[in-house]
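Structure at a glance
Take a look at the letters that make up each chain.
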Amino acid sequence: MSSDLLVDLNDDLGVDDPPSNALDLLKLSPMGDKLWPPDDSSMSKSETDISKRLGEGSHLTWDHPYYDIARHQIVEVAGDDNFGRKVIVFNACRMPPHHELDHHKLLMYLKATLDQYVESDYTLIYFHNGLTSENKPSLSWLRDAYREFDRKYKKNIKALYIVHPTMFIKTLLILFKPLISFKFGRKINYINYLSELEDIVKCEQLVIPTRVRDYDEKIRASLKASVQAQMSPPRSPPLPNQQFGVPLPMLRARRSDNEAVPLVMQETVAFLMEQGLEIEGIFRRSANVTLVKDVQHRYNSGEEVSFSQMEDVHLAAVILKTFLRELPEPLLTYQLYNDIVNFHNVDSSSQVTAIRNMLAMLPEENYASLKFLIEFLVQVSAQSEINKMNNANLAVVFGPNLLWGQDAAMTLSAIGPINNFTRTLLDQHHKVFSP
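What you see is a predicted model; the values in this text were computed from it and never measured.

1. As for the pattern of salt bridges
- In this structure the tally under the stated criterion is 15 salt bridges.
- Here Arg-252 ties to Glu-364 by a salt bridge, and the two come within 3.3 Å at their closest N and O atoms. Of the two residues, Arg-252 sits in helix α11 (residues 248-254) while Glu-364 sits in helix α18 (residues 364-382), which places them 112 residues apart along the sequence.
- Owing to a relative accessible area of 13%, Arg-252 belongs among the buried residues under this scheme.
- Residue class for Glu-364 comes out exposed when judged on its relative accessible area of 52%.
- Put simply, Arg-298 and Asp-294 hold a salt bridge, and the shortest N to O gap is 3.1 Å. Here Arg-298 pairs with Asp-294, and both are found in helix α13 (residues 289-300), just four residues apart, close to one helical turn.
- Judged by its relative accessible area of 27%, Arg-298 falls in the partly exposed class.
- Owing to a relative accessible area of 29%, Asp-294 belongs among the partly exposed residues under this scheme.
- One connected set of salt bridges, linked through shared partners, spans Asp-80, Lys-86, Lys-321 and Arg-325.

If you want it as structure tokens, here you go:
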């Protein structure tokens, strides 16, 4: 939306300039105009433990320049979606009233968050419920946002999901439609119920505000039972040869060779070692959604999968990340969660010993698979001058796929420590995995 668009919009709305009350002329949802209650972020126990250390749910220390923005948890990072893309979440209900929020700093904080991920394909999820006349941004803020978010930010965004849209947001997008490119317009999707997000991302990995969940339950309760049944079909039972979403010991028991490293990991890594080491941005790109589902179905059906015939390096990379993310328990296990998110407290001289002690607690299958994966990623990093994927970049990609909280919730407060641990694991792999 450019400044010309704002002039056109102001003319349409009958205002001379873009004051903050210009959006008031677009009607918010009936629920949105009610009193703005404090939100219960409903963090998991693991997240709460971290919050106590970092303060009020923020992943930043109190003296950080963006602490006063981060503490509201308006912007969150939620690992990868079902297609291997990073997920950025924006919670409208966590925006405090205008007089309590510096909107310019919010914009800068949003940019700073996205800067960490815009080189990769990513998905935006916007929870609209909770935007009210008390906290909605001004047109001038939207104008500034458009100017700040240049092509660098728009290039790799693969989808924008607007959850619980109202006539307000739909009308706003209609007014902006003349100046929104057709290509970007195709990326905008409306999500009416949280259950619809399951096709995109595991809802358990999203720290969805209680207010949003309550609203979703309320509108669902108003539906007829038959409609609800159609929208929430029962999950299919696991297939005899299921590979995705199956515990590692079970996968090992099914193999005649008793190999501890799962078949999906072996085959994707073998293909990537041969074809992917010199691909720029490997693990940063998503893959064709239909192909991802097809490959998963083939593996789960016990069929042979040949990545060489598909000739898509990024498909194999996405399948590897998807396999790790869909494990019932993360590769690094829930048992190590608190030790890993507090790993930054370990003195640098003792870090290798601490990691070796932690990994010694892993089940045999987990340890073997982790060692196999890390040794492969080290080979990827060795070609970083060509593929642009050094240890730091690989840690950002794989950290959230190696560990998450027991309720699967993942926010910035946990992602940072987990990524840092993964980076150290890659940096010190030769010492950590030495005999």
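2. Considering the packing of helix α12 (residues 263-275) against α18
- Viewed as axis vectors pointing N to C, α12 and α18 meet at an angle of 10°, and their least axial separation amounts to 11 Å. Our classification of the angle between α12 and α18 gives roughly parallel. Along this stretch, α12 crosses α18, giving a crossing that reads as left-handed. Each of Met-265, Gln-266, Val-269, Leu-272 and Met-273 in α12 lies in contact with α18, whose residues at this interface are Ser-369, Phe-372, Leu-373, Phe-376 and Gln-379.
- Residues that form the contact of α12 with α18 fall into these classes: seven nonpolar, three polar and no charged.

What counts, and where the lines are drawn
- Residues numbered from 1 in each chain as written.
- Predicted model: local features only at pLDDT ≥ 70, side-chain atom pairs only at ≥ 80, totals over all residues.
- Heavy atoms only, no water.
- Salt bridge = Lys/Arg side-chain N within 4 Å of Asp/Glu carboxyl O.
- Helix = DSSP H or I, 4+ residues; strand = E, 2+ residues; numbered from the N terminus.
- Buried < 20%, exposed > 50% of the residue type's maximum accessible area, 1.4 Å probe, protein only.
- Axes fitted to C-alpha atoms, helices over the stretch in contact; angles between N-to-C directions.
- Parallel < 35°, antiparallel > 145°, perpendicular 65-115°, else oblique.
- Left-handed = near helix turned anticlockwise from the far one by under 90°.
- Contact = heavy atoms within 4.5 Å.
- Nonpolar A, V, L, I, M, F, W, Y, C, P; charged D, E, K, R; others polar.

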